[in-house]
Amino acid sequence: MKNLQLSPSSPLMQRDFIFGVATSSFQIEGDIDGRLPCIWDTFCQRPGAIEDASNGEVACEHVARWEQDVELLQQLNVSAYRLSISWPRVMTQEGEINESGLHFYQQLIAQLNRLNIQVFVTLYHWDLPQYLEEQGGWLNRDTAYAFANYAAKVTERLGDKVAAYATFNEPFCSAYLGYEIGVHAPGKTGRASGRQAAHHILLAHGLAMPIIRKNCPNVQAGIVLNFTPCYPKSDNPEDVQATTLADEYINLWYLQPLLEGTYPDVFERLPESDKPVIYEGDMAIIQQPLDYLGVNFYTRLHYSAATDSNSLYTEHEHQGPKTAIGWEIYPDALRELFIRLAQRFDLPPIYITENGAAMADQLEGGQVMDTDRVAYFQSHLEALEAAMLAGVEVKGYFAWSLMDNFEWAEGYTQRFGLVYVDFQSQQRTLKQSALAWQALLQQKRELNQ
Ligand code: FCB
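What you are looking at is a predicted structure, and each value in this text was computed from that prediction instead of being measured.

Chemist: I'm lost on the overall build of the protein chain in this one. Help?
Modeler: Scanning the protein chain from terminus to terminus reveals 14 helices and 13 strands. For the protein chain, whose C-alpha radius of gyration is 21 Å, the value lies close to the compact-globule estimate of 22 Å for 449 residues. A principal-axis box enclosing the C-alpha atoms of the protein chain has dimensions of 55 × 55 × 45 Å. Looking at the protein chain residue by residue over its 449 residues, the buried ones come to 61%.

Shown next, in the form of structure tokens:
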């Protein structure tokens, strides 16, 4: 498929629905001399941690090339850009603003404002300052307060130049991948560790929200969660029950405290020694009103009953059509997810803050014919449209990602960009998917003139 197509009457084509692209600081910025080290710098040095033994030292050289990258946004016709701020770039170890680091974002945001591109800022997209990790990182309750201080100082300075703030990107990944199974920075393991990290991240979110609101009363404040919908391997009741536990452990562990101030029932299944330490009042702090919920969606997973008494469920390998990173392509899970969440929770308005696909891109004759990625986007836009027509309130959609970048433990082996990056020359080339977005958004613009 070469082009993206939506009917003019689609809710996605209406004026108020926004389209953007997303990136994150560590994945694109480079210039590690301009900031303090973060946990990903350290993790990248660990033998075997990163697929191609690479790191974020250069990445897309975005700090040097940001003006050119903003031109790419303009070419794509997007009306919004989701970026993240590097905590170790904008704050000193003493917890004060590092002016030169902040200046980088101020000039970037000023340029986006001039071009009428709405700025969605994520305060934490996984790059915890290393000095905080040395004091325990997210296992140390004080880190939640350090985050609140960082959020206070940065939002005070950036104020309403920003359209929306998100406290965190995907607490699941930071806590579970980083502190429970150890495949992401800082590479710690253990259920007690993962659950405690999650609790402190949620607490940090809750502490920061009222401060952001006070500093920026006219800016939307929320959080970004990732959802991997859980499907049972069979209709057998044990498999269905295990799937519910998996959903609670992986997805609802983050959403339910935010919206209802409680952990899901699976909490009670954990041995006392694996339960997080929760202070009185924490759950009320975590349950702050949200102006929006950011949802990142890529794939689904299948589950069946546990095979040993320490496990809650068995997770299965991805089946069926897959992207290059090995994730199943199953757009209907997005529609079902939204409908299920809307039935179960009193949801704030939703933005899809990430959706996209890694594909085996080839740059040939100055072109990348990523028709497989275009098809991925098309099918997911249709799933989103179906959810909206069924009554779910979604206000915007961000494609992951503006350009190819450092894909965490996969290094530079996985390309998610609409724009192809040659990591030797740093040359950027619009892929066919970028051209498809450009055309669709041009059409949308003309429709709403
Ligand atoms: C998400 C991350 C993002 C990117 C995509 C592929 O989990 O938020 O940084 O790596 O996956």
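Chemist: I would appreciate a short explanation of the sheet that holds strand S6 (residues 230-232) in the present structure.
Modeler: The pairing of strands in a sheet happens through backbone hydrogen bonds and is either parallel or antiparallel. Reading across the sheet, the three strands line up as S6-S8-S9 and stay open at both edges, with mixed pairing between neighbours. The sheet is open, and its two edges are formed by S6 and strand S9 (314-315), each paired on a single side. As paired strands, strand S8 (residues 301-304) and S9 are joined by two bridges and run antiparallel to one another. Its bridge partner lying in S9, Tyr-303 is registered against Glu-315. Packed on one face of the sheet, helix H10 (residues 237-260) meets S6, S8 and S9 and runs near 170 degrees to S6.

Chemist: How do you make sense of the packing of helix H3 (residues 62-76) against helix H5 (residues 99-114) when you look at a structure like this?
Modeler: Two packed helices can be described by the angle between their axes and the distance between those axes. The interhelical angle for the contact between H3 and H5, taken along N-to-C directions, is 15 degrees, at an axis separation of 11 Å. Relative to H5, the element H3 lies roughly parallel. Between H3 and H5 the crossing geometry is right-handed. On the side of H3, the interface is formed by His-62, Val-63, Trp-66, Val-70 and Leu-73, while H5 contributes Phe-104, Gln-107, Leu-108, Gln-111 and Leu-112.

Chemist: Could you clarify how one ought to interpret the site of the ligand in this entry?
Modeler: Every residue near the ligand is listed here: Gln-27, His-125, Trp-126, Asn-169, Glu-170, Tyr-298, Glu-354, Trp-400, Glu-407, Trp-408 and Phe-416. Here an oxygen atom of the ligand sits 2.8 Å away from a polar atom, N or O, in the side chain of His-125. Here Glu-354 contributes a side-chain N or O atom positioned 3.0 Å from an oxygen atom of the ligand. Here the ligand, which alone exposes 290 Å², has 95% of that area covered by the protein. In the shell around the ligand, the residues fall into five nonpolar, three polar and three charged.

Scoring rules and cut-offs
Throughout this description, residue numbers start from 1 for each chain and increase along the sequence as written. Thresholds applied to this predicted model are a pLDDT of at least 70 for local features of residues and 80 or more for the giving and counting of side-chain atom pairs; totals over whole chains, interfaces and linings are not thresholded and use all residues. Derived side-chain values reflect all non-hydrogen atoms in the structure, with water molecules and hydrogen atoms excluded from consideration. A run of H or I in DSSP counts as a helix once it spans at least four residues, and a run of E counts as a strand once it spans at least two, with each numbered from the N terminus. A radius of gyration in this sense is built from C-alpha atoms; the matching globule rule multiplies 2.2 Å by the number of residues raised to 0.38. Exposure is judged per residue with a 1.4 Å probe applied to protein chains only, and the accessible area is read against the type maximum: over 50% gives exposed, under 20% gives buried, and values in between give partly exposed. Pairing between two strands requires that DSSP report at least two bridges joining them. Contacts: residue pairs with any heavy atoms within 4.5 Å of one another. For helices, the fitted axis covers only the stretch in contact; all axes are lines through C-alpha atoms, and the angles between them, taken along N-to-C directions, range from 0 to 180 degrees. When describing relative orientation, an angle under 35 degrees is termed roughly parallel and one over 145 degrees roughly antiparallel, while 65 to 115 degrees is termed roughly perpendicular and anything else oblique. A crossing counts as left-handed when the near helix is turned anticlockwise from the far one by less than a right angle, and as right-handed when that turn is clockwise. In this text, near means that some heavy atom of the residue lies within 4 Å of the molecule or strand in question. Polar contacts here mean pairs of N or O atoms no more than 3.5 Å apart (in protein, one a potential hydrogen donor and the other a potential acceptor; neighbouring residues in sequence count only if both atoms are side-chain atoms). Each accessible area is a Shrake-Rupley estimate made with a 1.4 Å probe; only the visible protein chains count as cover when residues are assessed. Residue type decides the class: Asp, Glu, Lys and Arg count as charged, Ala, Val, Leu, Ile, Met, Phe, Trp, Tyr, Cys and Pro as nonpolar, and the leftover types, Gly among them, as polar.

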